[in-house]
Amino acid sequence: MKINVGLSILSLLCLIVNVRAIRFNLQPNTQKCLRDEINANMLVVGEYEVTAAPGQIVDYEVRDTKQHILSKKDDISRGKFSFTSEIFDVYELCFISKVPNNVRGVVQEVSINIKKGVETKSYEGIAEAAKLKPLELELKKLEDLSDAIVQDFALMRKREEEMRDTNESTNNRVLFFSIFGMCCLLGLATWQVLYLRRFFIAKKLIE
């Protein structure tokens, strides 16, 4: 009973992780981009399909925030792509529609399925190579999925610590700036009082 419950939980987790299918409409002479944060040294693979339209061309590009192109192909219809992230960054996959001036553009539908990290592993090949039983294979999937979750939490913890350090540093700078501003205001007020006092004495308005 416990094994069945464990397998049910595993199946649910795999279902949640693997659902990355996206479908959208691409207007003529426009581009649409999908963005996602990806950890360093992570393999990303995807399959795409674009509905045909006479005279129209669709290209795709994968790039990072520095506009470095990691994968690119022109005049696509159906195929696959893959790339490996070098650093933790926000990567974007863009589909670009190109329609000549003498062609009346139509909307094209783009379907894409993206997998990354542990999702890209071929467990059928692993099972054959290691001669794993079905239950052992499911446990291997669960182990890899658990490792991926632990790595994600570790990365989130590290980012939280970096954000906390940044906030503390910003608070210290704001406090220093506030104290400096108050000192400047007090100095300016003192100078104004002394200046006015000398002015009134010079005009013999006060002694």
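### Regarding the overall build of the chain
At step 1: For the chain, the helix and strand inventory stands at three helices and eight strands.
At step 2: When the 207 residues of the chain are sorted by exposure, 23% land in the buried category.
At step 3: Counting every atom, the chain has about 15,200 Å² of accessible surface; 59% of that belongs to carbon and sulfur.

### Concerning unusual backbone geometry
At step 1: Although it is not a glycine, Asn29 adopts a positive phi angle of roughly 55°.
At step 2: Within the secondary structure, Asn29 sits in the loop between strand 1 (21-26) and strand 2 (31-38).
At step 3: For Asp75, which is not a glycine, the phi torsion comes out positive at approximately 50°.

### Quick word on the sheet that holds strand 3 (residues 43-50)
At step 1: On the basis of which strands lie adjacent, the open sheet formed by four strands has the order 1-8-3-6 and antiparallel pairing. Because the sheet does not close on itself, it has two edges, and the strands there are strand 1 and strand 6 (78-84). Averaged over all pairs of adjacent strands, the angle between their axes in this sheet comes to 20°, without regard to strand direction.
At step 2: Summarising the sheet, strand 1 and strand 8 (residues 108-116) pair through six bridges and their orientation is antiparallel. Along strand 8, the bridge assignment pairs Phe24 with Val110.

### Considering the pairing of strand 4 (residues 57-63)
At step 1: Burial analysis of strand 4 places six of its seven residues in the buried class, which makes it a mostly covered element.
At step 2: Note: strand 4 against strand 5 (residues 69-73), four bridges, orientation antiparallel. Its bridge partner being in strand 5, Tyr60 is matched across the sheet by Lys73.
At step 3: With antiparallel pairing between neighbouring strands as the criterion, strand 4 and strand 5 make up a hairpin whose turn holds five residues, including Gln67 at a positive phi of roughly 65°.

### Details of the nonpolar core
At step 1: One finds Tyr60, Ile76, Phe81, Phe83, Leu93 and Phe95 to be the most contacted residues of the largest nonpolar core, which totals 19 residues.
At step 2: For this core, the elements supplying multiple residues, two or more each, are strand 1, strand 3, strand 4, strand 6, strand 7 (89-98) and strand 8.

### Re the packing of aromatic side chains
At step 1: Overall, the coordinates contain seven aromatic pairs when judged by the stated rule.
At step 2: Through a chain of ring-to-ring contacts, the aromatic side chains of Phe24, Tyr48, Tyr60, Phe81 and Phe95 assemble into a single cluster.

### So, the side chain of Glu92
At step 1: Relative to the helices and strands, Glu92 is located in strand 7.
At step 2: Engagement of the side chain of Glu92 in a polar contact is seen with the side chain of Arg35, the distance being 2.9 Å.
At step 3: A polar atom in the side chain of Glu92 sits 2.7 Å from the side chain of Arg63.
At step 4: The residues touching Glu92, leaving out its near neighbours within four places in the chain, are Cys33, Leu34, Arg35, Glu61, Val62, Arg63 and Gln67.

### Quick look at the state of the cysteines
At step 1: Throughout the structure, instances matching the rule amount to one disulfide.
At step 2: Note on cysteine connectivity: Cys33 is disulfide-linked to Cys94, with sulfurs 2.0 Å apart. Of note, the bridge from Cys33 to Cys94 carries an S-S torsion of about 110° and is right-handed in sense. Within this pair, whereas Cys33 is found in strand 2, its partner Cys94 is found in strand 7, the two being separated by 61 residues in sequence. Residues Cys33 and Cys94 agree in their burial class; the two are buried.
At step 3: Cys183 takes part in no disulfide bond, and the closest cysteine sulfur to it belongs to Cys184, at a distance of 7.0 Å.
At step 4: What makes Cys183 partly exposed here is its relative accessible area of 48%.
At step 5: In this structure Cys184 comes out as partly exposed when scored by relative accessible area, which is 40%.

Criteria and cut-off values
- Residues numbered from 1 in each chain as written.
- Predicted model: local features only at pLDDT ≥ 70, side-chain atom pairs only at ≥ 80, totals over all residues.
- Heavy atoms only, no water.
- Helix = DSSP H or I, 4+ residues; strand = E, 2+ residues; numbered from the N terminus.
- Buried < 20%, exposed > 50% of the residue type's maximum accessible area, 1.4 Å probe, protein only.
- Areas by Shrake-Rupley, 256 points an atom, 1.4 Å probe, with all protein chains shown as cover.
- Pairing = 2+ DSSP bridges.
- Axes fitted to C-alpha atoms, helices over the stretch in contact; angles between N-to-C directions.
- Core = buried A, V, L, I, M, F, W, Y, C linked by side-chain atoms within 4.5 Å.
- Phe/Tyr/Trp six-rings, centres within 6.5 Å; stacked < 30°, edge-to-face > 60°.
- Polar contact = N/O pair within 3.5 Å; in protein donor to acceptor, adjacent residues only side chain to side chain.
- Contact = heavy atoms within 4.5 Å.
- Disulfide = S-S within 2.5 Å.

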